[in-house]
Amino acid sequence: MAYAKTSIGRGCCKVSKEQKEISKLASFCFVLTEILVLVAVLILNGNDVVNVSPPIPAIIIIILSIHVLMQLWELKVLVKPDFGEKFSLTVQGSHERKKSRHRRTMFGVTVSDEVRVDYDRNCEGILVYFRKVTSSSDTGPGCQPFLLPFRGWFTFFHVLIALTLMICTISIYIDYDDYNRLQDYKKLLAESHSEATQTVPPENPEVDGGDNFDAAMYGELLDAFAHNVDNPFSNFGEQISDGPSLDVDREAFEPVSELGTHPLVLPILLCVSLILQITAVVSSYYQAEDCGFCLPLFCIGYTRWFKHTNAYTDMIQQNIQAKHGQRLQLEGEQLELAIRRNTQQTQGNGVTYHDVEPQTAKRYEDQIFLLHLLMAQEHDRACKEVFPEHSIQNKGVSFILTAEEIETLNIHAEQAMETADVNNDDTATELVPNSTVTV
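Residues numbered from 1 in each chain as written. Predicted model: local features only at pLDDT ≥ 70, side-chain atom pairs only at ≥ 80, totals over all residues. Heavy atoms only, no water.

Caption draft 1: Quick look at the overall build of the chain. Scanning the chain from terminus to terminus reveals 10 helices and 10 strands. Counting over 439 residues, the chain shows a buried share of 33%. Across the chain, contacts joining residues at least 24 apart in sequence account for 75% of those joining residues at least 6 apart. When the accessible area of the chain is evaluated, it comes to approximately 27200 Å², of which 57% is carbon and sulfur surface. (Helix = DSSP H or I, 4+ residues; strand = E, 2+ residues; numbered from the N terminus. Buried < 20%, exposed > 50% of the residue type's maximum accessible area, 1.4 Å probe, protein only. Contact = heavy atoms within 4.5 Å. Areas by Shrake-Rupley, 256 points an atom, 1.4 Å probe, with all protein chains shown as cover.)

Caption draft 2: Fine view of the nonpolar core. The biggest cluster of nonpolar side chains holds 25 residues, and the ones touching the most others in it are Phe130, Tyr312, Ile320, Met375 and Leu409. Each residue touching Phe130, except ones within four places of it in the same chain, is listed here: Phe87, Ser88, Leu89, Phe306, Lys307, His308, Asn310, Tyr312, Thr313, Leu401 and Ile406. Formed by 22 residues, the second largest nonpolar core is a distinct cluster that contains Ile35, Val41, Val50 and Phe154. (Core = buried A, V, L, I, M, F, W, Y, C linked by side-chain atoms within 4.5 Å.)

Caption draft 3: Highlighting the packing of helix H1 (residues 17–46) against helix H6 (residues 265–287). Direction vectors running N to C along H1 and H6 enclose 160°, while the axes themselves pass 8 Å from each other. Considering their axes alone, H1 and H6 lie roughly antiparallel with respect to each other. Considering how the two elements wind past one another, H1 and H6 form a crossing that is left-handed. Across the contact of H1 with H6, the residue classes tally to 13 nonpolar, 9 polar and 3 charged. (Axes fitted to C-alpha atoms, helices over the stretch in contact; angles between N-to-C directions. Parallel < 35°, antiparallel > 145°, perpendicular 65-115°, else oblique. Left-handed = near helix turned anticlockwise from the far one by under 90°. Nonpolar A, V, L, I, M, F, W, Y, C, P; charged D, E, K, R; others polar.)

Caption draft 4: Expanded view of the pairing of strand E2 (residues 86–92). Counting buried residues along E2, 5 of its 7 residues qualify, which places the element largely inside the surrounding structure. As defined by bridge partners, E2 adjoins strand E10 (residues 400–402) across 3 bridges and the pair is classed as antiparallel. Across the sheet, the residue bridging to Lys86 is Thr402, located in E10. Alignment of E2 against strand E5 (residues 127–132), held across 6 bridges, turns out to be antiparallel. Within the sheet, the bridge partner assigned to Gln92 lies in E5 and is Leu127. (Pairing = 2+ DSSP bridges.)

Caption draft 5: Quick peek at H1. For H1, spanning 30 residues, the distance from its first C-alpha to its last is 44 Å, which sits close to the expected 44 Å at 1.5 Å a residue. Within H1, the full set of buried residues consists of Lys20, Ser23, Ser27, Val31, Glu34, Ile35, Val37, Leu38 and Val41. (Expected span 1.5 Å × (residues − 1).)

Caption draft 6: Expanded view of the packing of helix H7 (residues 311–341) against helix H8 (residues 358–386). Close contact between H7 and H8 brings their axes to 10 Å; oriented N to C, the two are set at 170°. Overall, the two elements H7 and H8 adopt an arrangement that is roughly antiparallel. Grouping the constituent residues of the contact of H7 with H8 by class yields 15 nonpolar, 7 polar and 6 charged.

Caption draft 7: Geometry of the packing of aromatic side chains. Scanning the model with the defined rule gives 10 aromatic pairs in all. Ring geometry for Phe130 versus Tyr312: centroids 6.4 Å apart, planes at 20°, classification stacked. Here the residue Phe130 occupies a position in strand E5, and Tyr312 occupies one in helix H7, the gap between them amounting to 182 residues. Across the pair, Tyr312 and Phe130 agree in class, each one buried. Ring centres of Phe156 and Phe157 lie 6.2 Å apart, and the angle between their planes is 40°; on these two criteria the pair is classed as tilted. (Phe/Tyr/Trp six-rings, centres within 6.5 Å; stacked < 30°, edge-to-face > 60°.)

Caption draft 8: Structural context of the pairing of strand E9 (residues 351–356). In terms of strand pairing, strand E8 (residues 343–348) meets E9 through 6 bridges, oriented antiparallel. Across the sheet, the residue bridging to Gln344 is Asp355, located in E9. Here E8 hands over to E9 after 2 residues, with Asn349 in that stretch at a positive phi of 60°.

Caption draft 9: Spatial organisation of the side chain of Ser27. Residue position: Ser27 is located in helix H1. Setting aside residues no more than four positions away along its own chain, Ser27 makes contact with Ala280, Ser283 and Gln287.

Caption draft 10: Layout of the side chain of Lys307. Position of Lys307 relative to the elements: it lies in the loop between strand E7 (300–306) and H7. Polar contacts involving the side chain of Lys307 include one to the side chain of Glu96, which spans 3.5 Å. If near-sequence neighbours (up to four positions away) are discounted, Lys307 is found in contact with Ile8, Gly9, Arg10, Gln92, Glu96, Leu127, Tyr129 and Phe130. (Polar contact = N/O pair within 3.5 Å; in protein donor to acceptor, adjacent residues only side chain to side chain.)

Structural data, given as structure tokens:
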């Protein structure tokens, strides 16, 4: 059974540019601290302060390599961004249409097949945003993650590292618990050996101990205790009268080795690194844009294409709402009422369809068409102000823009919005009449 999904959204958190920068800085600090902690584990392991089982050092080295690779890539993006990336300007109306299909099979035979089309209400009325243009438009949902930029996999890598560190930490705590039990048994055997050595054999065994005392057996018992003080889990496992039992599960303690001179340091360091990694996961998801993952072994994949917004999209959206806001709001309310009333269920070729009536679907498409016309007018006007070459050419402006062009338009929009705010403040100041206070 396979699961693959592709969505377009902005995640659970709507963050500003300043918040995203703070999140990037926090993620870098957490990851850097975690790298230092894991390097300290390797150094202490080499100095015999802690003794780590063979698989864990190799896992730590792999984790460190992934972290360093991700941080170097982040540095590369910061120093030399890819201005050749292309994005498409689009608009979302009062509703967002989402199509999903649920097919259930049993022994290779399709038991049920259901197609559902939902219309989610947009609380903002309309939304203008950029969406990244991929190299292939006909790629299936299962292969969509491979179209993501390399940074789109970072959140998935952080989650994998967190799960790996969690497993390693649990394993180390189990070994540490077994190590404590081993030390308790050693202490118990040492006390038993001390008590046995304090028992002095009678001077005349034939008189004081009679035939019940066997000197040879007494010597073998002392040798066995002395041997078991250093190696308590040997094959010796006799029951001593009036003393502790040496019957222990030897096989359970065979993999337990010495954890170093300071065994408590290792679980503490791994626990600290796990906490740092969890915070890195949260901050990574908080700033994630186009992201996803793919697990071919389990036939699972997910891709989220981000709705990129900036000052330019906000300016286009505000201009449309200022000119046609009331009309669009009324149309959105009427469309919401039509969707609630005209949702229907039909069947054909063994497939069950949940959708609205054709007239309501046509109404939704007309709204999207109108919004694209309004957006095209505002976008054409703004681009001809910023790029003079578009004014010379007697043709419309493309909706597909490069990252460099988007940055130029964003700077223009920020300046225009600041100028509008200053003019509004000046107008408000002029409208306030001068008043005098009479006492």
